[in-house]
Amino acid sequence: RDPRVAHLIGTCVAAARSTNQDLLAPDSLSKSCWALGVISGERANSAELEVLSNRAASMMDKLSSDEIADIAWSLAISRHASDRFFQELDIHAAMHGMKGFQAYQITTIAWAFAHLGHKHDGFLDGLDVWVTRAPARKADMSPTEAAASQVHRFNATILASLAWSFCVMEDALDSLFFKTLWAEIVHRGEHDAEVVHKHD
């Protein structure tokens, strides 16, 4: 390891350990975690990631949706469980319904929960709230209709990634989010098959 990189990591960790909250702002914290995820590989820098993720857990309400997704990705890609971070994220999701999150961020977080095998009841509850808040939801829309409208906007990559994550989580398959997601996948598959059949 380049000693300059080791020094930078040490500086970030020292700031994360400090009681002075101003030493490591949320965006710097998420960038530090993301960088470690990129350069470390699986199960490397475990001690450093634990310090950073614990700090992130204590700052959950101050983190943006992008920062939360980046930290979740970095922990999952490094195979670092960080029980405290994902527990706080699970609570945060249940309390706020994933408000302010975009589909690609939801996809990253779902993948992280599935990849690391964390409990995710609050996350699922938050997703069910989130998916009924379709951007163009009309007053007369039912929750099911609003969810279908939201999921219909997902691209194929997001649909596939979310389907994998939910299948790994297994107990997530009864959620409104997954049922809506799967219905969209089936609908697109039938549509694509029909197009191919007509073309042939």
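Provided above is the structure to which this section pertains.
Sequence order as written defines the numbering, with residues in each chain counted from 1. For a predicted model such as this one, the threshold for reporting local features is a pLDDT of at least 70, and the threshold for listing and counting side-chain atom pairs is 80 or more; totals across whole chains, interfaces and linings nevertheless cover every residue. Only hydrogens and water are set aside when side-chain values are computed; all heavy atoms of the structure are taken into account.

Undergrad: Please explain the nonpolar core as it appears in this structure.
TA: The nonpolar side chains of a soluble globular protein tend to be buried with one another. Formed by 50 residues in total, the largest nonpolar core has its most connected members in F85, I109 and F154. Residues contacting F154, with those up to four places away along its chain left out, are A103, W130, L159, L162, F177, L181 and R188. Joining through side-chain atoms within 4.5 Å is the link that ties buried Ala, Val, Leu, Ile, Met, Phe, Trp, Tyr and Cys residues into a set, and such a set is a nonpolar core. Note on classification: 1.4 Å probe, protein chains only; a residue is buried when its accessible area is under 20% of the maximum for its type, exposed when over 50%, partly exposed between these limits. Any pair of residues with heavy atoms lying within 4.5 Å of one another is described as a contacting pair.

Undergrad: Is there a simple way to think about a nonpolar patch on the surface in this case?
TA: A surface patch of nonpolar side chains, about 300 Å² in accessible area, is lined by W34, V38 and I39. Here W34 is to be found in helix α2 (residues 26-40). Within the patch definition used here, like charges are joined within 9 Å and nonpolar side chains (Val, Leu, Ile, Met, Phe, Trp, Tyr) within 5 Å, considering only residues with over 30% relative accessible area and no salt bridge. Using the Shrake-Rupley algorithm and a 1.4 Å probe, accessible areas are obtained, with residue cover drawn only from the displayed protein chains. The term salt bridge refers to a side-chain nitrogen of Lys or Arg lying within 4 Å of a carboxyl oxygen of Asp or Glu. The secondary structure listing takes helices from DSSP runs of H or I that are at least 4 residues long and strands from runs of E that are at least 2 residues long, numbered from the N terminus.

Undergrad: How should I be thinking about helix α8 (residues 143-151) in this particular structure?
TA: Residues that lie three or four places apart on an α-helix share one face, since the helix turns once every 3.6 residues. Taken residue by residue, α8 has A146, A147, Q150 and V151 as its buried positions. One side of α8 carries all its buried residues, which in axial view fall inside an arc of 130°. As used here, the arc belongs to the directions running from the helix axis to the C-beta atoms.

Undergrad: Would you take a moment to explain the pattern of salt bridges for this structure?
TA: If charged atoms from side chains of opposite charge come close, those side chains can pair. One pass over the full model with this rule turns up one salt bridge. Linking R188 and E184 is a salt bridge whose minimum nitrogen-to-oxygen distance equals 2.7 Å. A residue pair is termed a helical-turn pair when its members lie 3 or 4 positions apart in one helix, as R188 and E184 do in helix α10 (residues 176-199) at four residues. The class for R188 is partly exposed, based on a relative accessible area of 23%.

Undergrad: When you look at the side chain of H92 in this model, what are you seeing that I'm missing?
TA: Note on placement: H92 falls in helix α5 (residues 83-96). Judged by its relative accessible area of 12%, H92 falls in the buried class. Polar side-chain contacts of H92 include one of 3.2 Å to the side chain of D61. When sequence neighbours within four positions are dropped, the list of residues in contact with H92 reads M60, D61, I68 and G97. Here a polar contact is recorded for every N or O atom pair within 3.5 Å, except that within protein the pair must consist of a potential hydrogen donor and a potential acceptor, and residues adjacent in sequence are included only if both atoms are side-chain atoms.

Undergrad: What is the right way to look at the layout of surface pockets in this model?
TA: A probe matching the size of a water molecule, rolled over the atoms, marks out where space remains unfilled. Only protein atoms enter the calculation, which uses a 1 Å grid: trapped sets of points that fit a 1.4 Å probe without letting it out are cavities, open sets showing protein on both sides within 12 Å along at least five of seven lines are pockets, and any residue with an atom within 4 Å of a point is a lining residue. Grid points are joined across faces, edges and corners, and a volume is the space filled by probe spheres set on the points. In this structure, the largest pocket occupies an estimated 230 Å³ of space. Each residue is assigned to one of three groups, with Ala, Val, Leu, Ile, Met, Phe, Trp, Tyr, Cys and Pro labelled nonpolar, Asp, Glu, Lys and Arg labelled charged, and all others, Gly among them, labelled polar. Grouping the constituent residues of the lining of the largest pocket by class yields seven nonpolar, four polar and three charged.

Undergrad: How do you make sense of the environment of K99 when you look at a structure like this?
TA: Counting through the fold element by element, K99 comes out in the loop between α5 and α6 (103-116). Judged by relative accessible area, K99 falls into the exposed class, the value being 65%. K99 sits 34 residues away from S65 along the chain, and the two C-alpha atoms are 8.8 Å apart.

Undergrad: I'm lost on the packing of aromatic side chains in this one. Help?
TA: Two numbers describe a pair of aromatic rings. These are the distance of the centres and the angle of the planes. Only Phe, Tyr and Trp rings take part, Trp by its six-membered ring, and two of them pair if their centres are within 6.5 Å. Stacked means planes under 30 degrees apart, edge-to-face means over 60, and tilted covers everything else. Tallied over the full model, the rule gives nine aromatic pairs. Between F154 and F177, the aromatic rings sit 6.4 Å apart at their centres with planes inclined by 40°, giving tilted as the arrangement. Of this pair, F154 sits in the loop between α8 and α9 (156-169) while F177 sits in helix α10, and the two are 23 residues apart along the sequence. Taken individually, F154 and F177 each receive the classification buried, so the pair is uniform in this respect. By way of ring pairs, the aromatic residues W130, F154, F166, F177, F178 and W182 are connected into one cluster.

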